[in-house]
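Listed below, chain by chain, are the residues.
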2 protein chains.
Amino acid sequence: MSEPESPPDEAADAIERLYDDPDARIATLQDVRPSAEDIAGQATIFKALGNEDRLRVLDALRDSERCGCELQVVLDAPQSTVSTHLRKLKEAGLVKSRKKGKWSYYRIADTALLDVLDLARAVQEDA
Amino acid sequence: MSEPESPPDEAADAIERLYDDPDARIATLQDVRPSAEDIAGQATIFKALGNEDRLRVLDALRDSERCGCELQVVLDAPQSTVSTHLRKLKEAGLVKSRKKGKWSYYRIADTALLDVLDLARAVQEDA
DNA sequence: TCATCGTATTGTATTTTCTCGATTTGTTTA
DNA sequence: TAAACAAATCGAGAAAATACAATACGATGA
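Residues numbered from 1 in each chain as written. Chains lettered and ligands numbered in written order. Predicted model: local features only at pLDDT ≥ 70, side-chain atom pairs only at ≥ 80, totals over all residues. Heavy atoms only, no water.

Examining the sheet that holds strand β3 (residues 103–108) of chain A
Across a sheet, paired strands are connected by hydrogen bonds in the backbone, their directions being either parallel or antiparallel.
All names here are of chain A.
Item 1. Sheet architecture is open: 3 strands sit in the order β1-β3-β2, paired in antiparallel fashion. Two strands bound the open sheet, and with one partner strand each, they are β1 (66–67) and β2 (95–100).
Item 2. Pairing of β1 with β3 involves 2 bridges; the strand directions are antiparallel. In the strand pairing of β3, R66 is matched with Y106.
Item 3. The sheet strands contacting helix α6 (residues 79–91) are β2 and β3, and the helix crosses β2 at an angle near 120 degrees. (Pairing = 2+ DSSP bridges. Helix = DSSP H or I, 4+ residues; strand = E, 2+ residues; numbered from the N terminus. Contact = heavy atoms within 4.5 Å. Axes fitted to C-alpha atoms, helices over the stretch in contact; angles between N-to-C directions.)

Quick look at the pattern of salt bridges
Item 1. Counted by the stated rule, this structure contains 14 salt bridges over all chains.
Item 2. R33 of chain B is the partner of D59 of chain A in a salt bridge, and the nearest nitrogen-oxygen pair spans 2.8 Å. Residue D59 of chain A is located in helix α4 (residues 52–60), and its partner R33 of chain B is located in the loop between α2 (22–30) and α3 (36–49); the two belong to separate chains.
Item 3. Exposure remark for R33 of chain B: the relative accessible area of 26% places this residue in the partly exposed category.
Item 4. For R62 of chain B, the salt bridge goes to D59 of chain B, with nearest N and O atoms at 3.3 Å.
Item 5. Taking relative accessible area as the criterion, D59 of chain B reaches 8% and is therefore assigned buried.
Item 6. What emerges from the salt-bridge pattern is a single network uniting R33 of chain A together with D59, R62 and D118 of chain B. (Salt bridge = Lys/Arg side-chain N within 4 Å of Asp/Glu carboxyl O. Buried < 20%, exposed > 50% of the residue type's maximum accessible area, 1.4 Å probe, protein only.)

Looking at the domain arrangement of chain A
Item 1. Partitioning chain A into structural domains gives domain 1 (7–36) and domain 2 (50–126).
Item 2. On a C-alpha basis, the centres of domain 1 of chain A and domain 2 of chain A stand 41 Å from each other. (Domains from an automatic or database assignment.)

Here's the deal with empty space enclosed by the protein
Item 1. In this structure the tally under the stated criterion is 2 cavities of 30 Å³ or more.
Item 2. Space inside the largest cavity adds up to approximately 50 Å³.
Item 3. Residue lining of the largest cavity: P34, I39 and Q42 of chain A together with L55, L58, D59, R62, L117 and R121 of chain B, and that is the complete set.
Item 4. Per-element accounting of the lining of the largest cavity gives the leading share, 3 residues, to helix α4 (residues 52–60) of chain B. (1 Å grid on protein atoms, 1.4 Å probe; cavity = no way out; pocket = protein on both sides within 12 Å on 5 of 7 lines; lining within 4 Å. Points joined across faces, edges and corners; volume = space filled by probe spheres on them.)

A closer look at the nonpolar core
Item 1. Residues F46, L49 and L94 of chain A together with F46, L49 and L94 of chain B are the most contacted members of the largest nonpolar core, which totals 62 residues.
Item 2. For this core, the element with the most residues is helix α7 (residues 112–126) of chain A, which contributes 8 residues.
Item 3. Filtering out sequence-adjacent residues up to four positions away, L49 of chain A remains in contact with L55, L58, L94, L113, V116 and L117 of chain A together with F46 of chain B. (Core = buried A, V, L, I, M, F, W, Y, C linked by side-chain atoms within 4.5 Å.)

Right, dumping it as structure tokens:
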């Protein structure tokens, strides 16, 4: 009675059977993969982008900064909902904000983000 | 006793008070926004990208197609879990697959996706 | 100073997503 | 034909994300 193999080991066996040089094949799988921190950071960004309301906010911020009240109009949603979305965007580092009097103004943190959005649309259209 | 205003109307009032030309301001908010379908499609893509395991899969597919068993090794996760992630990537149009014998091979559907991933990393580093 | 205003936070109910064992499907091989 | 195999699907429980009313906060102005 041998130990039950853990999930990836069975798969490794399958690779053994499938390829002529399985070790080389597995080696390329382990080549210079991004660090766990990189992956986590990317995932945070994409999670923040994976919501229709937040995408609408970012689009509204393309041309200029906007105050919170304007973004409420854009989303047509309760103030607390909008504020929560904005916090999430801030936490992901996608927008920055400044406070003037009782108003908060939001803006895109990095114009590279706009490129990400545009490219994603291109990917979508190809699909 | 007037009707309670719906959420966005209060915000519209705030815009009235804040800006010299509120109507013009609101008009720019309504300018040529992306269609609901565009936004939904983008959100689908970003949701698919908003998961560390799926990002690792895409990274493994950068250089060449891979069979499912190889991707199991990459993720070190049960077969059904890996298969579910792959389905989600396919549904979002980010990967394609071909079947040969009992093996399924996955590949990046559109190289523009790699640009999205690289740009996102740049955004992350700026943040 | 007191009421009002724009915004942020909190608490909770709801919805969505994720995980993974079990089973099924389709293929190859003994 | 039966056994083994890779992969897909199903289903249930767990975890995460979302919506939003209620409330708190900080600034403004009467």
